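Survey of secondary and tertiary structure
Residues per chain, in single letters:
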Amino acid sequence: MLGFGYAMANRDTRMITTVQQHLLQEQRRFNEATGTFSWLLSGITLAVKMVEAKIRQAGLMDVLGAQGAVNVQGEEQQKLDVYANRALLHCLGLRDSVAALVSEENEEPVVLNQDPESGRYIIIFDPLDGSSNIDVNVNVGTIFSIHRRLPPGEGDLNASILQAGYKQVAAGYVVYGPSTVMVYTSGNGVHGFTLDPTIGAFVLSNENMRMPEQGSYYSTNEANAATWPQEYRDYIAMLLRGELRGKAYSSRYIGSLVADFHRTLLKGGVFLYPPTMKSPKGKLRLLYEANPLAFIAEQAGGMAINGSTRILDLQPAEIHQRTSFIVGSKCEVEALQRFVTGEQQ
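Residues numbered from 1 in each chain as written. Predicted model: local features only at pLDDT ≥ 70, side-chain atom pairs only at ≥ 80, totals over all residues. Heavy atoms only, no water.

1. Notes on the overall build of the chain
Just so we agree on the cut-off: A run of DSSP states H or I qualifies as a helix once it reaches four residues; a run of E qualifies as a strand once it reaches two. Both are numbered from the N-terminal end. Note on contacts: a residue pair qualifies if any of its non-hydrogen atoms lie within 4.5 Å across the two residues. Computed by Shrake-Rupley with a 1.4 Å probe, the accessible areas treat only the displayed protein chains as cover when residues are assessed.
Along its length, the chain carries nine helices and 17 strands. Excluding contacts between residues fewer than 6 apart, the proportion of contacts in the chain whose partners are at least 24 apart in sequence is 65%. Working note: accessible area of the chain is about 15,100 Å², and carbon and sulfur atoms make up 50% of it.

Laid out in structure tokens, this is it:
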């Protein structure tokens, strides 16, 4: 029996690929013999483990509810917003390869390394997406985007931060739910890792993830429908009539962007946050919400647009810029694009 157990343990160990092992393989694409890229990503995984541990104790410790302050977005900060932001700033601030950190919770970038030779990367993140849901135990998440700093002569640090989404070198998100899952891409497919609490490591669970060409769900806050442009209302009506796939679509809306996107990645369909009368340019943030999720969607075979234009082609003008956001399977997103551009009459 000892021999069998030992063999089984060894077999399980051989089957495991941790996120660190996967990153070491991926970094070869960047000609980084020093391990800079994997060391950078390890700061993110450490921070999200800290956040995950705090979330698991949310009902037992004084971490639920509002902090009593308002962030740069005009939104009331939750206690876990503040903790998650501090965790990421701390863990990534220790990496000397980081030139600057840009967070939803900070009005200005946190500049760490002005030396363009060593400070090679810009990391942009939403530390705790959907935090208003935490008090009712609904899934929340962390979203991150990584850019390479522009070479001297091609742009200063501000230009490096305000790069179009197609220039991202990596992007990912973590969804804190029944299990804690991290999904990321570095431009070579999309890979998912599940946190194994018994060993404290993210383990490869979904390799080369692909979004279905067409799904059966749409996800949007229909309470805002009366204030959408008419073409978005017409599009939803078309989905409900069953004209796109032969039968009606079902509605699934969580109200936590990461959770809604994760379902769309796995099941297909479309997530929409259209422009409204209150937010005519859209509500989601381009740099640390739309761009990273659009990069992941495209790498998985999906699409992401602001209505008419590819999200990754948009040129940011400021770090907290907002956008409308439509992401999902090609069939559904292309159909929406036809409505917005007037091709669908």
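2. Some points on the packing of helix H6 (residues 230-241) against helix H9 (residues 330-341)
For the record, the criterion: Axis definition: a line fitted to C-alpha atoms, limited for helices to the stretch in contact. Angles are taken between N-to-C directions and run from 0 to 180 degrees. Roughly parallel covers angles under 35 degrees, roughly antiparallel covers those over 145, roughly perpendicular covers 65 to 115, and oblique covers all other angles. Should the near helix be turned anticlockwise from the far one by less than a right angle, the crossing is left-handed, and should it be turned clockwise, the crossing is right-handed.
The interhelical angle for the contact between H6 and H9, taken along N-to-C directions, is 140 degrees, at an axis separation of 9 Å. Put simply, H6 runs oblique to H9. The handedness of the crossing between H6 and H9 comes out as right-handed. Where H6 abuts H9, its residues Glu231, Tyr232, Asp234, Tyr235 and Met238 lie against Glu332, Ala335, Leu336, Phe339 and Val340.

3. Some thoughts on the nonpolar core
Note on soluble globular proteins: their nonpolar side chains tend to be buried together. We count it as follows: The set of buried Ala, Val, Leu, Ile, Met, Phe, Trp, Tyr and Cys residues whose side-chain atoms join them within 4.5 Å is what this entry labels a nonpolar core. Whether a residue is buried, partly exposed or exposed follows from its accessible area with a 1.4 Å probe, protein chains only, as a fraction of its type maximum: under 20%, in between, or over 50%, in that order.
Leu41, Ile55, Ile123, Leu128, Ile146 and Tyr176 are the most contacted members of the largest nonpolar core, which has 35 residues in total. Here this core takes eight residues from helix H3 (residues 36-56), the largest share from any one element. Counting residues in each nonpolar core, the second largest holds 30 residues, with Ala171, Val183, Val190 and Phe271 among its members.

4. Digging into the confidence of the model for the chain
The cut-off we apply is this: A score from 0 to 100, pLDDT tells how confident the predictor is in each residue.
Mean pLDDT over the chain: 88, with 88% of residues reaching 70 or higher. Contacts for the low-pLDDT stretch residues 1-11, under 50 throughout, to residues beyond four places or in other chains number zero contacts.

5. Here we look at the environment of Asn224
Position of Asn224 among the secondary structure elements: in the loop between strand E11 (217-219) and H6. Residues Asn224 and Pro275, 51 residues apart in the sequence, show an inter-C-alpha distance of 9.5 Å. Those residues within four positions of Asn224 in sequence are excluded, and the remaining contacts are Tyr273 and Thr276.

6. Considerations on the sheet that holds strand E17 (residues 325-328)
Using the following cut-off: Think of it this way: DSSP has to see at least two bridges between two strands before they count as a pair.
If you walk across this open sheet you meet the five strands as E12-E11-E13-E17-E15, and the pairing is mixed. One side of each edge strand has no neighbouring strand; the edge strands of this open sheet are strand E12 (250-251) and strand E15 (303-305). Bridge analysis of E11 against E12 gives two bridges, and the strand direction is parallel. In the strand pairing of E12, Tyr218 is matched with Ser251.

7. Remarks on the pattern of salt bridges
We apply this condition: Any carboxyl oxygen of Asp or Glu within 4 Å of a side-chain nitrogen of Lys or Arg constitutes a salt bridge here.
Inspection of the entire model under this criterion finds seven salt bridges. As a salt-bridge pair, Asp260 and Arg263 come within 3.1 Å of each other at their nearest N and O atoms. A residue pair is termed a helical-turn pair when its members lie 3 or 4 positions apart in one helix, as Asp260 and Arg263 do in helix H7 (residues 257-267) at three residues. Of the two residues examined, Asp260 and Arg263, each falls in the buried class. Residue Glu289 pairs with Arg285 through a salt bridge whose shortest N-O separation is 3.2 Å. Assigned by exposure class, Glu289 and Arg285 land together as buried.

8. Some remarks on the sheet that holds strand E6 (residues 140-148)
Strand order in the open sheet formed by eight strands is E4-E3-E5-E6-E7-E8-E9-E10, and the pairing between neighbours is mixed. At either end of the open sheet lies a strand with only one pairing partner, and these are strand E4 (110-111) and strand E10 (201-206). Bridge count for strand E5 (residues 121-129) against E6 is seven bridges, and the pairing is antiparallel. Each bridged residue has a counterpart across the sheet, and for Ile124 the counterpart in E6 is Ser145. Against the sheet, helix H8 (residues 286-299) touches E5, E6, strand E7 (168-176), strand E8 (180-185) and strand E9 (190-196), its axis set at about 100 degrees to E7.

9. Describing the packing of aromatic side chains
Formally: Only rings of Phe, Tyr and Trp enter the pairing, Trp through its six-membered ring, and a pair is recorded when the two centres are within 6.5 Å. The plane angle decides the type: under 30 degrees is stacked, over 60 is edge-to-face, the rest tilted. A ring is scored as having a charge over it whenever the NZ atom of a lysine or the CZ atom of an arginine sits within 6 Å of its centre and within 35 degrees of its normal.
Inspection of the entire model under this criterion finds four aromatic pairs. Measuring from centroid to centroid gives 5.6 Å for Tyr173 and Phe261, while their planes differ by 90 degrees, and the two rings are edge-to-face. With Tyr173 in strand E7 and Phe261 in helix H7, the pair connects residues that are 88 residues apart, well separated along the chain. With respect to burial, Tyr173 and Phe261 carry one shared label: buried. For the cation-ring pair, Arg245 lies above Tyr249, with the distance from its terminal atom to the ring centre recorded as 5.0 Å.

10. Let's talk about H7
Counting buried residues along H7, nine of its eleven residues qualify, which places the element largely inside the surrounding structure. Two residues or fewer past H7, Gly268 is found with a positive phi of approximately 80 degrees.

11. A closer look at the pairing of strand E13 (residues 270-273)
Burial along E13 is two-sided: Val270 and Leu272 and Phe271 and Tyr273, pointing in opposite directions, are all buried. In the sheet, E11 pairs with E13 via two bridges, with the strands oriented parallel. Residue pairing for E13: Tyr218 is matched across the bridge by Val270. Sheet topology places E13 next to E17; four bridges connect them, and they run antiparallel. Paired with Leu272 across the two strands is Ile326, which belongs to E17.

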